[in-house]
Amino acid sequence: QRGGGGEHGGEPYLTFPTYDLPQPNEVLPAVIVSLPQLLNPDGGSWTKTGKNDYIARRSDGSLLQITPDIYIFSQWASITRYLADLGINNAVENPYQSVQQDDGSPGLNEPQPASVYGNGTSGFMINWLGCRCSWPCTQLCWFYLLGSQFLQWVAVVVAVLTIVFQVLLLESMIVANFLAEVPHTTTWYEWWTLDEPWLPRLIWLLGKVIVFWFMIGNAVNFDDSQSFLASPEIRLLLRSLANRFEGQTYAYCTVVLWTIISEFATVIVVSYFALVSAIIINVESTGNALGDATIIFLIFDFIPELDGWAMGLIAFAACLPQDFVDQSSTYLQGPRCQVVYRTYRYVLFWWTGIWTTLLILLFRYQMTPLYLWVVPASFLYFLVLWQTWPYCLDGWPVCFPHGGPCIFWAALGTTLLWTGFFILRYGCFLFPCVCAPEVPGWFFFPPSNMLLSPLEGEWDTKYFYLFVERLFGLGGRAFLDGLWGEVDCGWEPLESDYERFYHGDLQTPQQFQKGWETRVAQLEGQVQVLTNVLASLGLGVWQRRREESVRGSARGPVARSCRRGRACRW
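Within any chain, residue numbers begin from 1 and follow the written order of that chain's sequence. Residue-level local features of this predicted model are given only where pLDDT is at least 70; pairs of side-chain atoms are given and counted only at 80 or more, and the full residue set underlies all totals for whole chains, interfaces and linings. Note that the side-chain values use all heavy atoms of the structure and ignore hydrogens as well as water.

Section: helix α15 (residues 374-394)
Put simply, the test is: Helix and strand definitions follow DSSP, with helices as H or I runs of at least four residues and strands as E runs of at least two, each counted in order from the N terminus. A helix is expected to reach a length of 1.5 Å times the quantity of its residues less one. The buried label goes to any residue with under 20% of its type's maximum accessible area, the exposed label to any with over 50%, and the partly exposed label to all in between, with areas taken from a 1.4 Å probe on protein chains only.
The end-to-end C-alpha distance of α15, which contains 21 residues, comes to 30 Å, matching closely the 30 Å that a straight helix rising 1.5 Å per residue would cover. Among the residues of α15, those classed as buried are V374, V375, P376, S378, F379, F382, L383, L385, W386, W389, P390 and D394. Residue G395 follows α15 closely and has a positive phi angle near 75 degrees.

In C-alpha cells form, the structure reads like this:
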C-alpha cells in the first residue's frame with residue numbers, strides 16, 4: 001500500500017484511466033476524458049456560445065455543456081469508478097493528516113481534529129475528523145462511503161424514486177382529472193351560445209391551442225426548459241458508457257439496469273405528455289387567458305424540471321460544493337450529437353403538439369375514456385423510433401459492440417411490459433362492454449354531458465381487478481360476452497343516472513338549469529309516446545266494436561236479443 005501519497009505526497013493511490021475524446025455521436029462526462037486531449041489546440045479553441053456561461057463550443061463541433069440532471073449524473077457515477085477512486089484516494093491520504101510527531105514523521109491515527117495542511121505551505125485539506133457539512137459523519141467516513149460507491153447508489157435510488165414519482169403524478173392526473181370527469185365537458189355549441197362577452201371566450205379558445213405551441217418554442221430555445229430535452233443525452237451517454245471498458249466488464253449488469261431506467265425516462269414518461277397536456281389545459285381551465293397560460297407552464301417547467309431538482313437534492317444531502325456539482329455535471333458532446341438532439345425535438349414535439357391540439361378540440365366535442373388509447377400508442381411510437389432513427393442517422397456505430405441483444409431486449413421488454421400493464425389497469429375504459437354493467441356502454445359514447453359518472457369509491461383499483469377477472473374468465477363470464485350480446489351493455493343511460501346528476505352537488509347553476517330543461521323535454525317526450533300508445537289502443541277497441549256490431553246485425557234477432565241482455569257484452 002502506498003499510503004501517504006495523494007495530491008500532497010506523490011502519485012495517487014489509484015489512478016483512473018481516462019478516455020480519449022468521444023466519437024462524433026457519443027457523450028462522455030468531461031471529468032473522465034483525457035485533459036490533454038480536451039485542451040488540445042488542434043481541435044480548436046473553446047468559446048462560449050453566447051447563450052449562457054454553461055455552454056462552450058469548439059470549432060470541430062464538439063460541445064461542452066453543464067446539465068444538472070439526476071438521471072445523467074447517477075448513471076455515469078454508478079457505471080464508472082471515477083468517484084470511487086476519488087474517495088479511496090482521499091481516504092488513504094486522510095489518516096496521515098493527523099498531528100505529526102516531533103521529528104516530523106507522520107503521526108499515528110490519532111483522533112485530533114487538526115489539519116497538517118492548514119498552514120498554507122502544503123495546500124488546503126479539510127480535517128479528517130471534521131464533520132462533512134451537517135452529517136454526523138467524519139470526512140474519512142464520507143470518503144469511505146464514496147470509495148465503496150454507497151453514495152453513488154444513493155443517487156441511483158433517488159433517480160428511481162424520481163421516475164416513480166413522475167409516473168405516479170401523470171397517472172393520478174389521468175384518474176382524477178380525466179376519467180373522473182367523463183362525461184362532463186363544455187361542448188363547442190355551448191361555448192358558442194354562451195350569453196357572455198365574446199372576446200374573452202375567443203381568447204380562451206385561442207389560448208388553449210396557441211399558447212401550448214408557444215411553450216414548445218420556449219422549451220426548444222431557452223435553457224430553463226432544457227431538462228425537457230434531456231432524453232437523448234441520457235440514451236447517448238448510456239450507449240457511450242456501454243461501449244467503454246466498464247460497460248463491457250464489471251458494470252455490465254448496471255448498464256442493463258440503466259437501460260430499464262432510461263426506457264422509463266425517455267419513452268414511458270414522455271408518452272403521457274400528449275394526453276396529460278390536453279387534460280391540464282382543458283379540465284383545469286379557468287376561462288381566464290392569463291391563468292390558463294400559467295397552467296401550461298406546469299407541463300414544461302414542473303414535471304421535466306424534477307430531474308434537475310433531484311440533482312439539487314443530491315448536492316444538498318451529500319454536502320457537495322457547487323464547483324464539484326458543475327464539474328460532475330459537465331458533459332462533452334461529439335459533433336453529431338446536436339443532430340440527434342434536433343431530430344428528437346421534431347420527434348417529440350410534433351407528436352405531442354399534434355395530439356394535444358386534437359385532444360383539446362375533441363374534449364369539447366365529446367368526453368370519452370377512449371382517448372386513453374393515445375398513451376399506449378405513444379409508448380409504441382417512441383419505442384420504435386428510439387430503436388430505429390439513431391441507426392438511420394449514424395449507421396452501425398450506434399450498435400453496441402458487446403451485449404447489444406441484451407440491451408435491446410431489456411429496452412423492448414420494459415416498454416412492452418408497461419404497455420401491457422397500462423392496458424390491464426385501464427382495460428375497463430379501453431374496451432366497451434367488457435366491464436358492463438359496472439361500466440355501462442353509454443360511458444364510452446355519452447349521449448349527454450349532463451350525466452353523472454358511474455365511477456364511485458375506490459374505482460381505480462376496483463376496475464383493474466374487474467378487468468383481470470373478465471379477461472381471464474375468473475368470474476364465470478367470458479371476455480367478449482358483452483360484445484356478443486350475452487350481457488346488456490347499457491348503451492342508454494337509466495333514469496337514475498339523470499336524476500342523480502340533477503339533484504347532485506357537482507353541477508354549476510347553468511348546468512342545473514340546463515339539466516332540468518333537458519329533463520322536462522324528456523318527460524314531455526315520454527308523455528307524447530304514452531299518448532300515442534293510448535290513442536292507438538283506443539282506436540283498436542273502437543274498430544273491434546264496430547266489426548262485432550256489423551257481425552251481430554247479420555245474425556238476426558238472437559244476436560239482437562243477446563245485445564239487449566245484461567249477460568251478453570260485446
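From this point on, the discussion continues.
As for the state of the cysteines
In protein structure, a disulfide is the covalent linkage between the sulfur atoms of two cysteines. As a reminder of what qualifies: Cysteine sulfur atoms that come within 2.5 Å of each other are treated as a disulfide pair.
Tallied over the full model, the rule gives 2 disulfides. Between the sulfur of C428 and that of C435 lies a disulfide, 1.9 Å long from S to S. A torsion of -65 degrees about the S-S bond marks the disulfide between C428 and C435 as left-handed. Using a relative accessible area of 1% as the deciding quantity, one classes C428 as buried.

Regarding the pattern of salt bridges
Heads up, the condition is: Each reported salt bridge corresponds to a side-chain nitrogen of Lys or Arg within 4 Å of a carboxyl oxygen of Asp or Glu.
Per the counting criterion, the structure on display carries 5 salt bridges. With a closest N to O distance of 2.8 Å, E26 and R244 form a salt bridge. Taken together, the residues span a long stretch of sequence, with E26 in the segment before β1 (27-29) and R244 in the loop between α8 (231-242) and α9 (252-271) at a distance of 218 residues. Each member of the pair, E26 as well as R244, carries the same accessibility label: buried.

Topic: the packing of helix α2 (residues 70-79) against helix α5 (residues 150-177)
Threshold: All axes here are fitted lines through C-alpha atoms, helices being fitted over the stretch that makes contact, and every angle between N-to-C directions spans 0 to 180 degrees. Definitions for this section: a left-handed crossing has its near helix turned counterclockwise from the far helix by less than a right angle. A right-handed crossing has that turn clockwise. Should any heavy atoms of two residues lie within 4.5 Å, those residues are counted as being in contact. Residues are grouped as follows: Ala, Val, Leu, Ile, Met, Phe, Trp, Tyr, Cys and Pro are nonpolar; Asp, Glu, Lys and Arg are charged; every other residue, Gly included, is polar.
Look at α2 against α5: their axes get within 9 Å of each other, and the N-to-C directions meet at 145 degrees. Seen from above, α2 lies across α5 with left-handed handedness. Packed against α2, whose contacting residues are I70, Y71, F73, S74, A77 and S78, the element α5 presents Q152, W153, A155, V156, V158, A159, T162, I163 and Q166 at the interface. Residues that form the contact of α2 with α5 fall into these classes: 10 nonpolar, 5 polar and no charged.

Some remarks on the pairing of strand β3 (residues 55-58)
Defined as follows: Should DSSP find at least two bridges between two strands, the strands are regarded as paired.
Direction of pairing for β3 relative to strand β4 (residues 63-66): antiparallel, over a ladder of 3 bridges. Residue R57 lies in a different strand from β4, and its bridge partner there is L63. Here β3 folds back onto β4 in antiparallel fashion, the turn holding 4 residues, of which G61 has a positive phi close to 100 degrees.

Comments concerning the packing of aromatic side chains
To keep things clear, this is the line we draw: Only centres within 6.5 Å qualify two rings of Phe, Tyr or Trp (six-membered ring in Trp) as a pair; their planes then separate them into stacked at under 30 degrees, edge-to-face at over 60, and tilted for everything else. Geometrically, a lysine NZ or arginine CZ counts as sitting over a ring once it is within 6 Å of the ring centre and also within 35 degrees of the ring normal.
Within the structure shown, the criterion is met by 30 aromatic pairs. Ring centres of W213 and W350 lie 5.7 Å apart, and the angle between their planes is 55 degrees; this geometry places the pair in the tilted category. One end of the pair, W213, is in helix α7 (residues 198-221); the other, W350, is in helix α14 (residues 337-363), and 137 residues separate them in sequence. The partly exposed category is assigned to W213, whose relative accessible area is 29%. Between the aromatic rings of F464 and Y465, the centroid separation amounts to 5.4 Å while the plane-to-plane angle is 50 degrees, which identifies the pairing as tilted. The exposed category is assigned to Y465, whose relative accessible area is 54%. It is R244 that lies over the ring of Y19; its NZ or CZ is 5.6 Å from the centre.

A look at the nonpolar core
Just so we agree on the cut-off: Residue types Ala, Val, Leu, Ile, Met, Phe, Trp, Tyr and Cys, when buried and joined through side-chain atoms within 4.5 Å, form a set referred to as a nonpolar core.
With 120 residues, the main nonpolar core has I174, F178, Y272, L372 and F429 as its most contacted residues. Of all the elements, α5 adds the most residues to this core, at 12 residues. Discounting chain neighbours no more than four positions away, the residues touching F429 are L179, P369, L370, L372, V439, F443, F444, L455, W459 and Y463.

Remarks on the environment of T343
If you trace the backbone, T343 turns up in helix α14. Residues T343 and L393 lie 50 residues apart in sequence; the distance between their C-alpha atoms is 9.2 Å. Those residues in contact with T343, other than ones at most four positions away along the chain, are W389 and L393.

Considering the pairing of strand β5 (residues 330-333)
Judged by which residues are buried, β5 turns out to be covered on both faces: T330 and L332 on one side and Y331 and Q333 on the other are all buried. Bridge count for β1 against β5 is 3 bridges, and the pairing is antiparallel. Looking across to β5, one finds that L28 is bridged to L332. Summarising the sheet, β4 and β5 pair through 4 bridges and their orientation is antiparallel. Residue pairing in the sheet places L63 in a bridge with Q333 of β5.

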